[in-house]
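Okay, here's what each chain looks like letter by letter:
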Amino acid sequence: MSGDETKPVTRYRRVLLKISGEALMGDQGFGLHPPTVSRIANEVKSVHDLGVEICMVIGGGNIFRGLAGSAQGMERTTADYMGMLATVMNALAMQSALEQIGVFTRVVSAIPMDQVCEPYIRRRAVRHLEKKRVCVFAAGTGNPYFTTDTAATLRANEMSCEAIFKGTKVDGVYDKDPKKHSDAVRYDRITYDEVLQQHLGVMDASAIALARDNSLPIIVFSLDEPGGFRGILAGEGTYTTVHG
Ligand code: UDP
């Protein structure tokens, strides 16, 4: 092996990747699209191959969102629990896709369901990461009225991650929706407070506040870009850093 091959290509040791449930549905508009799940699993593997310890939080919006259920007359907390269960299905799909390509993975749920996956026990999850297993944190925070963005920030703090990588459909945070406005401007860096004041919709306000209070950087990048996740960890490509 040459000297170059042993040079670290990333300064990150442990990170959390947050993706929405919708990232798993491909062009179907609903549910899980296995080829898309496999594509994202390969992106995760390419970073795992660098020796980076990886936590993941996947939303549930491709299956069920509590707010949508309550807007249609469901009791809100019940609808939120259904949303949390949706995230468990997505986590299991990701575990299956990762293990098919040889990446050992544990699904760790905030709501215990022993026959399906492990309950969340912080020390045990840390041990999995040290053993280079990908940990997919499922069932959000385990509490209604929260989102998986907040769950991602919570788990990233608990696991001492160096940053949250938020994989989206666009390559960063813009001053307005770049899909609707051709003159939208992307920020290279923006503060937590600017995101909150300008209602930029990077993550919900409680997630941003929790990241701010613990100085946890949020890096927003495009998950649609092949090799994008690995590139961003190496400091390449375009992205936005939300910082203090
Ligand atoms: N949810 C919840 N508590 C949590 C995390 C999620 O009640 O800690 C519910 C909530 O109803 C939410 C749904 O799970 O709408 C799916 O999560 P989210 O909307 O964050 O998914 P995403 O938009 O990222 O796909």
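Every value quoted in this text rests on a predicted model; they were computed, and no experiment measured them. (Residues numbered from 1 in each chain as written. Predicted model: local features only at pLDDT ≥ 70, side-chain atom pairs only at ≥ 80, totals over all residues. Heavy atoms only, no water.)

Participant: In this structure, what is going on with helix 5 (residues 122-130)? I would like to understand it.
Facilitator: Along an α-helix, residues three or four apart share an orientation, since each turn contains 3.6 residues. Taken together, the buried positions of helix 5 are occupied by Ala125, Val126, His128 and Leu129. For helix 5, the arc enclosing every buried residue in end-on projection is 155°, short of the 170-degree limit, so these residues lie on one face. Against the buried residues of helix 5 lie strand 1 (14-19), strand 2 (53-58), strand 3 (105-109), strand 4 (118-119) and strand 5 (134-138). Among the residues trailing helix 5, Lys132 stands out with phi positive, at a value near 65°. (Buried < 20%, exposed > 50% of the residue type's maximum accessible area, 1.4 Å probe, protein only. Helix = DSSP H or I, 4+ residues; strand = E, 2+ residues; numbered from the N terminus. Arc of directions from axis to C-beta. Contact = heavy atoms within 4.5 Å.)

Participant: Looking at this model, I keep getting lost on the sheet that holds strand 3. Mind explaining?
Facilitator: Strand pairing in a sheet is mediated by backbone hydrogen bonds. Such pairs are either parallel or antiparallel. A sheet is described by the order of its strands in space; here 9 strands give the open sequence 4-3-5-2-1-6-10-11-9, paired in mixed fashion. Two strands in the sheet have a free side with no partner beyond their single neighbour: strand 4 and strand 9 (189-191). Pairing between strand 1 and strand 2: 6 bridges, direction parallel. Among the inter-strand pairings, Val15 is bridged to a residue of strand 2, identified as Ile54. Relative to strand 2, helix 2 (residues 34-48) is tilted by about 155°, and along the sheet it contacts strand 1, strand 2 and strand 5. With respect to the sheet, helix 6 (residues 148-158) is in contact with strand 1, strand 2, strand 5 and strand 6 (163-168), its orientation differing from that of strand 1 by roughly 175°. (Pairing = 2+ DSSP bridges. Axes fitted to C-alpha atoms, helices over the stretch in contact; angles between N-to-C directions.)

Participant: Help me understand the pattern of salt bridges in this model?
Facilitator: Throughout the structure, instances matching the rule amount to 17 salt bridges. Across the salt bridge formed by Arg76 and Asp80, the nearest N and O atoms sit 2.9 Å from each other. Of the two residues, Arg76 and Asp80 are both situated in helix 4 (residues 76-100); the distance of 4 residues between them amounts to about one turn of the helix. Since its relative accessible area comes to 23%, Arg76 is described here as partly exposed. For Asp188, the salt bridge identified is with Arg186, shortest N-O distance 3.1 Å. Relative accessible area serves as the criterion here: at 23%, Arg186 is assigned to the partly exposed category. (Salt bridge = Lys/Arg side-chain N within 4 Å of Asp/Glu carboxyl O.)

Participant: Would you mind going over the packing of aromatic side chains with me for this structure?
Facilitator: What describes a pair of aromatic rings is the distance from one ring centre to the other and the angle between the planes of the rings. Here the structure, examined in full by the defined rule, presents 5 aromatic pairs. A ring pair is formed by Tyr12 and Phe165, whose centres lie 5.2 Å apart and whose planes are at 85°; its orientation type is edge-to-face. You can see Tyr12 sitting in the loop between helix 1 (3-6) and strand 1 and its partner Phe165 sitting in strand 6, a full 153 residues away along the chain. There is no split in this pair, since Tyr12 and Phe165 are both buried. Ring geometry for Phe165 and Phe229: centres 5.9 Å apart, planes at 65°, overall edge-to-face. A residue pair is termed long-range when its members are at least 10 positions apart, and Phe165 in strand 6 and Phe229 in helix 9 (residues 228-233) qualify at 64 residues. (Phe/Tyr/Trp six-rings, centres within 6.5 Å; stacked < 30°, edge-to-face > 60°.)

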